[in-house]
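The residues making up each chain are set out below.
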Amino acid sequence: EYGRAMVSAEEAQQALIEAYCLAQQPVADEHRAFWCHSAFGVAGMTWDEAARRLADNGFTAVLPNMLWGGVAFYRSDVLPAYKELESRGDQIELCVAACKKYGVQCHVWKVNYNMGWATDKAFVERMRSLGRVQVSYDGTVNERWLCPSHPDNQKLEIESMVEVARKYDVDGLHFDYIRYPGRDGCFCEGCRQRFEDDLGRKAEPWPSAVRDNARLAEKWLEFRRRQITSVVAAVSERAREIRPDVQISAAVFRNWPTDRDAVGQDWKLWCDRRYLDFVCPMDYFDSSATFERAVEQQLAWAGAVPCYPGIGLSVWKDPTDVAKLIEQINITRRFKTGGFTIFNYGPPQARDVLPFLGKGLTRVEK
């Protein structure tokens with residue numbers, strides 16, 4: 001009776017998972033957040049329904065992706081608006097209203113420098129024609145990435161994020177992709193000129209000089225880090241002037257000593273200088289042992305700034321593996337991080353994960 005046996009086994013498995021979830025205990029005053037990669041929230045739901053589900057299951061914050069390097073999903077005076085704005089509406093406005101209604105914090109997430117899938121082709125072409133996109137080490141043009149050292153691009157990044165703090169009653173601003181795509185970016189003529197001006201001499205032959213000469217290579221890496229850090233510092237300062245209680249945060253690569261050189265992301269410095277109010281390393285490991293080792297390191301780098309580790313639920317083989325999710329959340333609790341951030345809030349997570357967490361681990365105490 002193979003069929004009946006399989007049904008019974010599945011029922012037993014579900015009962016075991018439910019019992020495991022019921023056995024978990026909530027922790028008071030914990031930051032519990034989901035990244036939401038879609039500006040429209042969870043597919044098949046309004047923002048009102050998505051926010052209500054978070055609140056009902058004990059989550060305190062959502063980080064919705066509302067702007068990229070070349071597009072805004074709201075009424076912006078800085079970035080081009082997405083094409084369906086008039087028919088689908090201002091997504092920050094809708095999200096903030098829902099979050100306020102249910103007591104969920106809204107930290108608006110920007111994908112920095114990367115223009116993304118929704119950016120109008122005419123805007124991409126204009127950036128390319130103005131010399132504002134990245135050029136790789138081998139000379140190929142990376143037209144979807146804006147050059148981080150270009151002054152106009154830095155201004156665009158800063159003004160677009162500050163605009164959100166000025167126009168909307170958000171709880172925070174969240175950086176993502178606040179980095180170079182890798183060691184091969186950017187080697188455009190503008191980068192060369194700005195680096196040589198900074199250096200006070202020619203860097204020849206270009207671009208091999210900044211790799212083959214050890215002293216020059218270190219100055220080049222510092223130049224790259226400074227381009228990224230200057231934007232973080234400016235947004236942090238200006239947004240807080242407008243809204244003193246706004247929280248500034250960032251999704252960052254997980255291995256700071258390596259990544260500060262590889263992608264120019266010096267996030268330990270951002271914590272040391274208090275540009276950030278919390279940091280979310282993207283620890284998207286299937287292995288909980290690897291996750292644990294990463295969190296332990298990152299807490300030391302974050303120092304006095306809260307570190308809410310990023311858990312990669314939706315990139316795992318099973319994006320609804322609530323048992324493993326509970327295991328990794330409990331690791332953050334053992335380290336007393338004060339919170340965690342889960343990627344990503346989509347239909348499977350809203351339907352098959354949130355209710356199980358709400359049974360115990362994030363239960364709302366009456």
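See the structure shown above.
A. Seen up close, the sheet that holds strand 9 (residues 310–311). Spatial strand order, 1-2-3-6-7-8-9-10: eight strands in a closed barrel with parallel pairing. Note that strand 7 (residues 247–252) and strand 8 (residues 278–283) share four bridges and pair parallel. The residue of strand 8 that forms the bridge with V252 is P281. Sitting on the sheet, helix 4 (residues 91–102) touches strand 2 (61–67) and strand 3 (105–111), and the angle it makes with strand 2 is about 170°.

B. Here's a closer look at the environment of I248. As for its placement among the helices and strands, I248 is situated in strand 7. With 28 residues separating them along the chain, I248 and L276 place their C-alpha atoms 5.0 Å apart. Residue contacts for I248: discarding those within four places in its chain leaves L173, F175, S236, A239, R240, Y275, L276, D277 and F278.

C. Summary view of the packing of aromatic side chains. Enumeration according to the criterion identifies 22 aromatic pairs in this entry. Ring geometry for Y137 and F187: centres 5.2 Å apart, planes at 80°, overall edge-to-face. Of the two residues, Y137 sits in the loop between strand 4 (133–135) and strand 5 (141–146) while F187 sits in the loop between strand 6 (172–176) and helix 7 (189–199), which places them 50 residues apart along the sequence. Given the relative accessible area of 26%, Y137 is considered partly exposed. The class for F187 is buried, based on a relative accessible area of 5%. Arranged with centres 5.5 Å apart and planes meeting at 65°, the rings of F195 and F223 form a pair that is edge-to-face. One end of the pair, F195, is in helix 7; the other, F223, is in helix 9 (residues 214–242), with 28 residues separating them in the sequence. Owing to a relative accessible area of 3%, F223 belongs among the buried residues under this scheme.

D. Fine view of the packing of helix 2 (residues 47–56) against helix 4. At a minimum axis distance of 8 Å, the contact between helix 2 and helix 4 shows a crossing angle of 35°. Classified by chirality, the crossing of helix 4 by helix 2 is right-handed. Contacts from W47, D48, A51, R52 and A55 of helix 2 reach helix 4 at Q91, L94, C95, A98, C99, K101 and Y102.

Procedures and definitions
Residues numbered from 1 in each chain as written. Predicted model: local features only at pLDDT ≥ 70, side-chain atom pairs only at ≥ 80, totals over all residues. Heavy atoms only, no water. Pairing = 2+ DSSP bridges. Helix = DSSP H or I, 4+ residues; strand = E, 2+ residues; numbered from the N terminus. Contact = heavy atoms within 4.5 Å. Axes fitted to C-alpha atoms, helices over the stretch in contact; angles between N-to-C directions. Phe/Tyr/Trp six-rings, centres within 6.5 Å; stacked < 30°, edge-to-face > 60°. Buried < 20%, exposed > 50% of the residue type's maximum accessible area, 1.4 Å probe, protein only. Left-handed = near helix turned anticlockwise from the far one by under 90°.

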